[in-house]
Amino acid sequence: MAAAADINPYEMIAYTGSRVLEDQTFVFVGTGLPIIASMHAQMTHAPNINLIFEAGSLASILDQGMPMSVGDTRAFRNAVYAKGLCAVFDLTQRGYADYAFIGGAQIDMHGNLCSTYEGGTYARPRVRFPGSGGAGAMAANCEKTIAIMVLEKRRFVKKVDFITSIGFGDGSPDYRKKAGVMGSGPYRVITNQALFGYDRDSRRMMLLEYLPGKSPEAIQDLVGFELMISPDVKEMALPTDHDLMLLRTKCDPDGFFLKRKIVDE
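Just so we're clear, the structure is a prediction, and the values are computed from it rather than from any experiment. (Residues numbered from 1 in each chain as written. Predicted model: local features only at pLDDT ≥ 70, side-chain atom pairs only at ≥ 80, totals over all residues. Heavy atoms only, no water.)

Q: Which parts of the structure should I look at to understand the pairing of strand β5 (residues 99–103)?
A: Most of β5 is tucked away: four of the five residues are buried. The sheet contact formed by strand β1 (residues 26–29) and β5 spans three bridges and is parallel. Across the sheet, V27 pairs through a bridge with Y99, a residue of β5. In the sheet, β5 pairs with strand β10 (residues 144–148) via five bridges, with the strands oriented parallel. (Buried < 20%, exposed > 50% of the residue type's maximum accessible area, 1.4 Å probe, protein only. Helix = DSSP H or I, 4+ residues; strand = E, 2+ residues; numbered from the N terminus. Pairing = 2+ DSSP bridges.)

Q: Got a minute to help me understand the pattern of salt bridges in this structure?
A: Should the charged atoms of two oppositely charged side chains come close, the side chains can pair. On inspection of all chains with the given rule, the structure shows nine salt bridges. Here R74 and D72 are joined by a salt bridge, their closest N and O atoms 2.8 Å apart. For R74, a relative accessible area of 27% corresponds to the partly exposed category. (Salt bridge = Lys/Arg side-chain N within 4 Å of Asp/Glu carboxyl O.)

Q: Explain the sheet that holds strand β4 (residues 81–82) here, please?
A: Two pairing modes exist for strands in a sheet, parallel and antiparallel, and in both the strands are linked by backbone hydrogen bonds. Sheet architecture is open: ten strands sit in the order β4-β3-β2-β1-β5-β10-β11-β12-β13-β14, paired in mixed fashion. One side of each edge strand has no neighbouring strand; the edge strands of this open sheet are β4 and β14 (228–235). Where strand β11 (residues 185–190) and strand β12 (residues 194–198) come together, two bridges link them in antiparallel fashion. If you follow V189 over to β12, its bridge partner there is F196. Seen against the sheet, helix α1 (residues 9–20) touches β5, β10, β11, β12 and β13 (205–210) and runs at an angle of roughly 140° to β11. (Contact = heavy atoms within 4.5 Å. Axes fitted to C-alpha atoms, helices over the stretch in contact; angles between N-to-C directions.)

Shown next as structure tokens:
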């Protein structure tokens, strides 16, 4: 087992993301860390996972290296079909996608994600992000949403500046139904220091696991709203040496995503 000090934050995120994914499910995968996590899962405990890529492939085998984007030709390797963007989004609208696996710049306690802007106004933002891509539709139509991001207070906010990808809205029981979206909504939030889920009744974010050496109190200090704490909260599993080998030499050998640095504002 690798020591926590030898695992960088993005490796921890990718490994935890892989661990959450289940074999024989359909996962609509976003660019970057979701792809790496999905590759690791396919190489280990979920060989029959069915990956959906926005550019139009279904159930590809990622054995030619990491796709740099959802439109990379490597995302089409040995796919069941390659039918284009409209076909894969049609799959989600007909209820065939178990998970949307996406990132974001901000998230609130009810799982609403922002990847549009931060600070200021929509017309005059302090920071403009790339926007939804397919993530907005994925969160609206897939059965459950898995979000993946670094744990920082500036990201985990009381209220997102813009709802790019819908979660539970204001937390009311019928919010998603009234909004006309499908699926049960947010399921997991994967970070470098904690794994979160959601309370079934209140639809609020709940701490499930924390990084060894940390504590629930330390995790709360990194979140801009009050967390619920699972009665079964426990330490996160760490990747083995074999897991790290796969991540570093097979999934992202050039370190495009895993070797990035977390920059504090």
